[in-house]
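Listed here are the chains, written in short residue letters.
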Amino acid sequence: MLSRLFFLLLLFSGATLAKQVPFQLHETDDNPKHRFPESPPVYPSPQQIPINQAWKTAIKKAKKDVEKLTLEEKVGLGTGNGWPGGLCFGVIKPIDRIGFKGLCIHDGPLGVRAVDLVSAFPAGINAASTFDRSLIRARGEAIGVEYREKGINVYLGPMTNLQRTPWAGRNWEGWGGDPYLAGEATYETIVGVQSKGVQCNVKHFINNEQERDRGRISSNVDDRTQHEIYLPPFLQAVLANTASVMASYNRLNGSWATQNSKTLNGILKGELGFPGYVLSDFFGTQSGVAACNAGLDMPVPIGDYFGKNIVEAVKNGTVNQSRVDDLATRVLSAWYLTGQDKGFPEVNFNAFDEQDQVHNKHVDVQHDHWKIIREIGAASHVLLKNLNETLPLRRPRSLILIGSDAGPPPLGPNYYHDRFITPSDRTGVLAMGWGSGTCYFPYLIDPLSAVQRRAKKEHIDLSWFLDDYDRNEAARLASEKEVAVVFLSADSGEATNGDLYGIGDRPDLEAWHNGTDLVLAVADSNPNTIVVIHSVGPINMEKWIDHPNVKAVLWAGIQGQEVGNALADVLFGDVNPSGRLPYTIAKRDGDYPAKIEHDTDDWPIPQTEYSEGLLVDYRAFDSRNITPRFEFGFGLSYTSFTYSPIWQRSLPTKTRILEDEIERDLIDRGQGSSIREWLHEPRWEINLEVKNEGAVAGHEVVQLYVAFPKDCGEPPKALKGFERIYVQPGLLELVNFKLSYYDLSIWDVLTQRWIKPKGKFRLLVGASSRDIRSEAVLEEWRKFEDEEHDSLVSQED
Ligand code: BGC
């Protein structure tokens, strides 16, 4: 128990340390590194607006309550209760006289953290690689059920920071390197979780794309990049009615994310019209009055900066009463929005003390969630290579599994706190990264156990060799078997030795445990070598990927508790693989557009320049003409598909896109201007048919990319749609995409609005970002659409 507390303290100590770093204002000198961008002030903090009916109803109820509260009670709704402040990682106290039972705030995102009898779901990165909205939603629903039944009001997830660089430690918690994919996954997760009456807390707002120095670094990002690359997932979160948002540890353009008035007041509560509340990343609050006026609603877990300090500030006029009323209404309306005022279960565990016999009721919340875990797991496998149809396995006479990643962790699945490990001490299958984004495994089906069951059923001579370092013995054993499967892994996680110099990021992109060497040894001795990779992100595979004996490669990612079963489903052909890479795998480290910023110079505040701008992931490879090893969106199948030409039509809409209408809307562009209906309503429909030309049924992930007009400064293409369809052999399926004005807009920095550039848009439909099968120029139907609009309006009248 003590060691556990120590670890938790260690995990959070960095942010506390960060406060002790003196902020020295250096005079501007000749060193270009000492010139910093500024984050413009945006005050006052916007009052909450009811962006739709659900919020409207919730806000109305909340306002009635707030009228009855004292100043102290209102502030209390936004004041964390301490560490430990109760049974959960974050706690807000109840106010009995209005029936508010308080909030239990807890991690997230892939399962209930630090509590038993829960499910360990596939990580976000695997959910994303299914490219399947309904699977992602189902994952959210199952997570929502587990949180609710444990009595947790607020799920600290989803984590939607982009994979700006493959070295970043927490990429596996999120959705990869594309803002559209991340936005869709965020949306579906929030709808899923909140449908079970649990509040989502989408994180980390914003530009927390590395672990190193996360507690003090300034992410310096230009306005257009911010809006087009990093903001879209948060915009989708608002459209999905997220109850809350977590402000990140880092600074943004020089100003702390937890008290940055531009991003909180200006962008989040202003442009996006977010009606919920903003809490700080844990221990990440840097001030009271400044943070509150800049839009922070709730410092957690410790609320010392708020509480009596904000009460005092209201009394002496440094914080307006209206700000505190707004804060309280935001917290209470999120609670009403998710129906937590009725029949919400009480917390039934103590996350700080396993030995607490009173509160640890050990409620089993798993149901049959293993089924969806296994289904997502199998659907998230990405088949990267498959020569001579080596996969699926067809009853090989003999099979050997090689590498420690094939077997169980020798010390059990939950031995390391928050799964925190270093390369030397972890072995066994990798099914979770480390840090706050973890949970206890209820069990862990490793690949060897799952394949054993198949071997028994299909009478395969199965053997294994779980040593990673004896390459000669591995080669000798492999040479005696018909098929050899080598297992590789690469792990990463959250900064744990203090936020200042966190080690969660990856030091390199190599496979752990001698993996490269092991593959080469086996491939040199067995002509049917298959490689399976459990990894948090890209690994360097250049030394072996073209080896003629490496016949097949399966990218398995971070699978959770059913890792072995999900793999066996794909290996043996029960499931036809359809996962797609949610990021690019490069040939050389230098090809990736951004690195972790290590250069702290002599300056007390390290700066990370997002100088690659819009060129993140495939956008960079495309625009620089760099051939990747495997591109974004890539993934093979056991069958093959053909694509018909595209046809298009305009959709009847409720709102017009006449220029004067847009102007009017934008002149009045205050709160919520980025989520207006005219901007997001589907206007264009793109159709095609996809045919399964092979002998087995399977899913195809059809992707729509848009190439913007030439001179508007956009990268060559951007993902704007995807559909995962199931097609029987020899049959056709219709695929349908819809585009909105927003989908075809860029952020105009001068006028601070979304505009659809003039010129030719090309629609590129394909099986990956580089395998484009059907192309067309987007047709403009302005006139036609106006007529349709008029007839729609008259029908409504
Ligand atoms: C992480 C958050 C997490 C919080 C609470 C922080 O260190 O950055 O993602 O939700 O801790 O555990």
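Computed from a predicted model, the values in this text were never measured in an experiment.

## Quick notes on the overall build of the chain
Then step 1. Along its length, the chain carries 21 helices and 26 strands.
Then step 2. Relative to the compact-globule value of 28 Å for 797 residues, the chain shows a C-alpha radius of gyration of 26 Å, a close match.
Then step 3. Out of the 797 residues in the chain, the part that is buried amounts to 66%.
Then step 4. Taking all contacts inside the chain whose residues are at least 6 apart in sequence as the whole, residues at least 24 apart take part in 79%.
Then step 5. Of the roughly 28000 Å² of accessible surface on the chain, a fraction of 52% belongs to carbon and sulfur atoms.
Then step 6. Within the chain, one finds 84 positive and 106 negative side-chain charges whose respective centroids are separated by 2 Å.

## Some details on the confidence of the model for the chain
Then step 1. Per-residue confidence for the chain gives a mean pLDDT of 92, with 90% of residues at or over 70.
Then step 2. Counting contacts from residues 1–27, a segment whose pLDDT is below 50, to residues more than four positions away or on other chains yields 59 contacts.

## Thoughts on the state of the cysteines
Cysteine pairs can be linked by a disulfide, which is a covalent bond between their two sulfur atoms.
Then step 1. Counted by the stated rule, this structure contains 1 disulfide.
Then step 2. Linked covalently through their sulfurs, Cys 88 and Cys 104 form a disulfide whose S-S length is 2.1 Å. Classification of the bridge connecting Cys 88 and Cys 104 rests on its S-S torsion, roughly -105°, and on that basis the disulfide is left-handed. Here Cys 88 is found in the loop between α3 (71–76) and β1 (90–92), whereas its partner Cys 104 is found in strand β2 (residues 103–107), with 16 residues between them in sequence.

## Description of the pairing of strand β20 (residues 698–707)
Then step 1. By the criterion of burial, β20 is predominantly enclosed, with 9 of the 10 residues buried.
Then step 2. Bridge analysis of β20 against strand β21 (residues 718–727) gives 9 bridges, and the strand direction is antiparallel. Considered in β21, the bridge of Tyr 705 is made with Leu 719.
Then step 3. Two elements, β20 and strand β25 (residues 762–766), share 5 bridges in a ladder whose sense is antiparallel. Looking across to β25, one finds that Tyr 705 is bridged to Leu 764.

## Description of helix α7 (residues 223–230)
Then step 1. Counting buried residues along α7, 8 of its 8 residues qualify, which places the element largely inside the surrounding structure.
Then step 2. Of the residues making up α7, those classed as buried are Asp 223, Arg 224, Thr 225, Gln 226, His 227, Glu 228, Ile 229 and Tyr 230.

## What about the sheet that holds β20?
Then step 1. Ordered by their spatial adjacency, 4 strands build an open sheet running β21-β20-β25-β26, and the pairing between neighbours is antiparallel. For this open sheet the edge positions go to β21 and β26 (772–777), each flanked by a neighbour on one side alone. Across the sheet, the axes of successive neighbouring strands diverge by a mean angle of 20°, strand direction being ignored.
Then step 2. Where β25 and β26 come together, 5 bridges link them in antiparallel fashion.

## With respect to the side chain of Arg 683
Then step 1. One can find Arg 683 in strand β19 (residues 682–692).
Then step 2. Judged by its relative accessible area of 0%, Arg 683 falls in the buried class.
Then step 3. A polar contact is formed between the side chain of Arg 683 and the backbone oxygen of Trp 678, at a distance of 3.0 Å.

## Things to note about the nonpolar core
Then step 1. Leu 103, Ile 105, Phe 282, Leu 384, Met 541, Trp 544 and Trp 555 are the most contacted members of the largest nonpolar core, which totals 184 residues.
Then step 2. If you tally residues by element for this core, the top one is helix α12 (residues 321–337), at 9 residues.
Then step 3. If we skip the residues at most four places from it in the chain, Leu 384 touches Met 541, Val 553, Trp 555, Leu 581, Ile 585, Phe 630, Phe 634 and Leu 636.
Then step 4. Membership of the second largest hydrophobic core comes to 29 residues, among which are Ile 460, Val 532, Val 570 and Phe 572.

## Side note on the environment of Gly 573
Then step 1. Along the chain, Gly 573 falls in the loop between α17 (563–571) and β16 (607–609).
Then step 2. Under the relative-accessibility criterion, Gly 573 is labelled partly exposed at 32%.
Then step 3. Taking the C-alpha atoms as reference points, Gly 573 and Val 696, separated by 123 residues in sequence, lie 9.8 Å from one another.
Then step 4. Not counting chain neighbours up to four residues away, the residues in contact with Gly 573 comprise Pro 392 and Tyr 638.

## Remarks on the pairing of strand β13 (residues 483–490)
Then step 1. The buried fraction of β13 is high, at 8 of 8 residues.
Then step 2. Taking every second residue as pointing to the same face, both faces of β13 are buried, with Val 483, Val 485, Phe 487 and Ser 489 on one and Ala 484, Val 486, Leu 488 and Ala 490 on the other.
Then step 3. Strand direction decides the pairing type here: strand β11 (residues 398–402) and β13, joined by 4 bridges, are parallel. Its bridge partner lying in β13, Ile 400 is registered against Ala 484.
Then step 4. Looking at chain direction, β13 and strand β14 (residues 529–535) are connected through 7 bridges and run parallel.

## Quick look at the sheet that holds strand β6 (residues 244–247)
Then step 1. Judged by pairing direction, the sheet is mixed, and its 6 strands sit side by side in the order β1-β2-β3-β4-β6-β9 without closing on themselves. The open sheet is flanked by β1 and β9 (277–280), the only strands paired with a single partner. Looking at each pair of strands side by side, their axes are set apart by 25° on average, direction ignored.
Then step 2. When strand β3 (residues 154–156) meets strand β4 (residues 199–205), the two strands line up parallel, connected through 2 bridges. Counted as the bridge partner of Tyr 155 is Cys 200 from β4.
Then step 3. Here helix α6 (residues 179–194) sits on the sheet and contacts β3 and β4; the angle it forms with β4, its principal contact strand, is near 150°.

## Some thoughts on the site of the ligand
Then step 1. Around the ligand sit 14 residues, and of these Asp 107, Arg 170, His 204, Asp 281 and Glu 494 come closest.
Then step 2. Contact between the ligand and Tyr 249: an oxygen atom at 2.9 Å from a side-chain N or O atom of the residue.
Then step 3. A distance of 2.6 Å is found between an oxygen atom of the ligand and a side-chain nitrogen or oxygen belonging to Glu 494.
Then step 4. Considering the ligand on its own, with 310 Å² of exposed area, one finds that the protein chains cover 100% of that surface.

## Thoughts on the environment of Leu 518
Then step 1. Take Leu 518: it is sitting in helix α16 (residues 515–523).
Then step 2. We classify Leu 518 as buried; its relative accessible area is 0%.
Then step 3. Between the C-alpha atom of Leu 518 and that of Ala 474, which follows or precedes it by 44 residues, the distance is 7.6 Å.

## What to know about unusual backbone geometry
Then step 1. Here the amide bond leading from Asp 107 into Gly 108 is cis, since omega sits at -20°, within 30 degrees of zero.
Then step 2. Of note, Gly 108 is situated in the loop between β2 and α4 (124–129).
Then step 3. A cis geometry characterises the amide bond from Val 300 onward to Pro 301, with omega recorded as -5°.
Then step 4. By secondary structure assignment, the location of Pro 301 is in the loop between α10 (289–294) and α11 (307–315).
Then step 5. Located in the positive-phi region is Phe 283, a residue other than glycine, with phi close to 70°.
Then step 6. We classify Phe 283 as buried; its relative accessible area is 13%.
Then step 7. Even without a glycine there, the phi angle at Arg 395 is positive, about 45°.

So, how was this worked out
- Residues numbered from 1 in each chain as written.
- Predicted model: local features only at pLDDT ≥ 70, side-chain atom pairs only at ≥ 80, totals over all residues.
- Heavy atoms only, no water.
- Helix = DSSP H or I, 4+ residues; strand = E, 2+ residues; numbered from the N terminus.
- Rg over C-alpha atoms; globule rule 2.2 N^0.38 Å.
- Buried < 20%, exposed > 50% of the residue type's maximum accessible area, 1.4 Å probe, protein only.
- Contact = heavy atoms within 4.5 Å.
- Areas by Shrake-Rupley, 256 points an atom, 1.4 Å probe, with all protein chains shown as cover.
- Lys, Arg positive; Asp, Glu negative; His and termini not counted.
- Charge placed at Lys NZ, Arg CZ, Asp CG, Glu CD.
- pLDDT = per-residue confidence, 0-100.
- Disulfide = S-S within 2.5 Å.
- Pairing = 2+ DSSP bridges.
- Axes fitted to C-alpha atoms, helices over the stretch in contact; angles between N-to-C directions.
- Polar contact = N/O pair within 3.5 Å; in protein donor to acceptor, adjacent residues only side chain to side chain.
- Core = buried A, V, L, I, M, F, W, Y, C linked by side-chain atoms within 4.5 Å.
- Near = heavy atom within 4 Å.

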